[in-house]
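# Structure at a glance
As a plain string of letters, each chain reads:
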Amino acid sequence: MSPPSYAILGTGSYAPARIMTNEDLSKVVDTSDEWIFSRTGIKERHIAADDELTSDMATAAAEKALADAKVTPDQIDICIVATLTPDLPMPSTACIVQAKLGLRHDVACFDQHAACSGFIYALDTAWALLQSGRYRHALVIGAEKISTVLDWSDRTTCVLFGDAAGAVVLGPSPEGSTAEIIGAKLYSEGGNTELLCIPGGGAAYPVPGPGDPPKFMQMKGREIFKFAVREMEDAAQDILEQHQIHPDEVNCVIPHQANLRIIDSLAKFLKLPEDRFFVNLERYGNTSAASIPLAIDEARRSGRLPNGSISLFVAFGAGLTYGSALVRW
Ligand code: COA
């Protein structure tokens, strides 16, 4: 008997109520709607309330994904939260989410840190664990309160990001159903720390003092742009070739939502029209590990992922990390 294949059984997402427009930002730093929109495609982003934590957003998205999948919390065997903004350095946000959702105690709960590629990393990890045959259902969540690691006086970073969460439930494919994961592939290029990092607040500089690097994100935007274009293309091409799928067979590409110009360049490389790409960054900005699951949920709910269609997910982030996954809905 062949092992069961695993499918995305349900999706959910959550964004905080507060919306910060480019216009609002121009009152905080020296920027403009024209600059931000023309360079990135972003118009606005959601910002979590002070008392709204990454685990709260993760839990809200997970509850919706569970309801969509018609899977109860006690059926979950694995809970992974992809995040670079955990509630606390310890314990994992996944354990906090476990308690909030009321998951069983014999559940593997852990955080996955691959920055903006985190969701693809978590999806592939959960999928591999399910294929071991030891687990049946997994919750895979991407959640970020990235507003807490931004320097709100640095216009080169603070205009790009927003807070949100997205989640999927994975489980054995019910008979006749689709949404199966065809494949996934992960990549890393360590040694590029200085291109995109939060230098302070870790073991190197636990409590940054005068002269130490800060606890805020620092980025070399132009270098990251070039890396993103190059590696999104590689990751997309690699997985398509591996599974012998022609780009034209991909009905919907769901890329990491960082910059519209990066997405446009991927569209040109794959020779696909723009309408094959699902883009929502205009309303959310870059929500890091939440970006792809949030987009998957919105794409599904807007009818962009009909049964039998093929989707390509492709992401890049700090590390540097990148990765891709293919799903047949
Ligand atoms: N508002 C107005 N001006 C700004 C600005 C802002 N928010 N941010 C930067 N500028 C200025 C710069 O100071 C610079 O001015 P100068 O020419 O007088 O020195 C000018 O705009 C051009 O800056 P530059 O960095 O060359 O712009 P860019 O075209 O490369 O766009 C990014 C900057 C950040 C939008 C772009 O590089 C990018 O998207 N990179 C990838 C970032 C990313 O995706 N990060 C997340 C990874 S997961």
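Since the structure is predicted, the reported quantities are computational estimates derived from the model, not experimental observations.

## Looking at the site of the ligand
By nearness alone, 22 residues border the ligand, and Thr31, Arg39, Arg155, Arg222 and Asn259 come closest of all. For the shell around the ligand, the elements supplying multiple residues, two or more each, are helix 2 (33-40), helix 6 (155-158) and helix 7 (221-242). For the shell around the ligand, the element with the most residues is helix 7, which contributes four residues. Here the shell around the ligand is built from residues that sort into 10 nonpolar, seven polar and five charged. Lining the shell around the ligand are residues from two domains, each supplying at least three of them: domain 1 (6-172) and domain 2 (180-328).

## A word on helix 4 (residues 93-101)
Of the positions making up helix 4, those classed as buried are Thr93, Ala94, Ile96, Val97, Gln98 and Leu101. Just downstream of helix 4 lies Gly102, where phi reads positive at about 70°.

## Re the packing of aromatic side chains
Aromatic rings in a pair are described by how distant their centres are and how their planes are angled relative to each other. This model, assessed by the stated rule, comprises three aromatic pairs. Measuring from centroid to centroid gives 4.5 Å for Tyr187 and Tyr322, while their planes differ by 0°, and the two rings are stacked. Within this pair, whereas Tyr187 is found in strand 8 (residues 180-188), its partner Tyr322 is found in strand 13 (residues 321-328), the two being separated by 135 residues in sequence. An aromatic cluster is defined as three or more aromatic residues linked by ring pairs; in this entry it consists of Tyr187, Phe227, Phe316 and Tyr322. Here the guanidinium or amino end of Lys43 rests over the ring plane of Phe37, the centre of that ring lying 4.7 Å away.

## What to know about a positive patch on the surface
A grouping of Arg39, Arg222, Lys226 and Arg261 is seen on the molecular surface, where their side chains present a positively charged patch. Note on placement: Lys226 falls in helix 7.

## Some details on the packing of helix 3 (residues 54-69) against helix 4
Look at helix 3 against helix 4: their axes get within 9 Å of each other, and the N-to-C directions meet at 55°. As far as their axial angle goes, helix 4 and helix 3 are oblique. Two packed elements cross with a definite hand, and for helix 3 against helix 4 that hand is right-handed. From helix 3, Thr54, Ser55, Asp56, Ala58, Thr59, Ala62, Glu63 and Leu66 reach across to helix 4, where they touch Thr93, Ile96, Val97, Lys100 and Leu101.

## Quick word on the domain arrangement of the chain
If you check the domain split of the chain, you get domain 1 (6-172) and domain 2 (180-328). Taken together, the 53 residues of domain 1 in the interface contact 46 residues of domain 2. Looking only at domain 1, the three residues that lose the most surface to domain 2 are Cys116, Ile120 and Tyr121, adding up to 17% of its buried area. On inspection of domain 1 and its partner domain 2, the count reaches one salt bridge. Between Arg300 and Asp68 there is a salt bridge, with the nearest N and O atoms lying 2.6 Å from each other. Counting the contacts that link domain 1 with domain 2 gives 23 residue pairs in polar contact (both at pLDDT 80 or more). Elements represented by at least two residues in the side of domain 1 that touches domain 2 include exactly strand 1 (6-14), helix 2, strand 3 (44-46), helix 5 (118-131), strand 6 (138-144), helix 6 and strand 7 (164-172). Considered class by class, the residues forming the side of domain 1 that touches domain 2 number 26 nonpolar, 17 polar and 10 charged.

Thresholds, definitions, all that
Residues numbered from 1 in each chain as written. Predicted model: local features only at pLDDT ≥ 70, side-chain atom pairs only at ≥ 80, totals over all residues. Heavy atoms only, no water. Near = heavy atom within 4 Å. Helix = DSSP H or I, 4+ residues; strand = E, 2+ residues; numbered from the N terminus. Nonpolar A, V, L, I, M, F, W, Y, C, P; charged D, E, K, R; others polar. Domains from an automatic or database assignment. Buried < 20%, exposed > 50% of the residue type's maximum accessible area, 1.4 Å probe, protein only. Phe/Tyr/Trp six-rings, centres within 6.5 Å; stacked < 30°, edge-to-face > 60°. Lys NZ or Arg CZ within 6 Å of the ring centre and 35° of its normal. Patch = residues over 30% accessible without salt bridge, like charges linked within 9 Å, V, L, I, M, F, W, Y side chains within 5 Å. Areas by Shrake-Rupley, 256 points an atom, 1.4 Å probe, with all protein chains shown as cover. Salt bridge = Lys/Arg side-chain N within 4 Å of Asp/Glu carboxyl O. Lys, Arg positive; Asp, Glu negative; His and termini not counted. Charge placed at Lys NZ, Arg CZ, Asp CG, Glu CD. Axes fitted to C-alpha atoms, helices over the stretch in contact; angles between N-to-C directions. Parallel < 35°, antiparallel > 145°, perpendicular 65-115°, else oblique. Left-handed = near helix turned anticlockwise from the far one by under 90°. Contact = heavy atoms within 4.5 Å. Buried area = accessible area lost by both parts, 1.4 Å probe. Polar contact = N/O pair within 3.5 Å; in protein donor to acceptor, adjacent residues only side chain to side chain.

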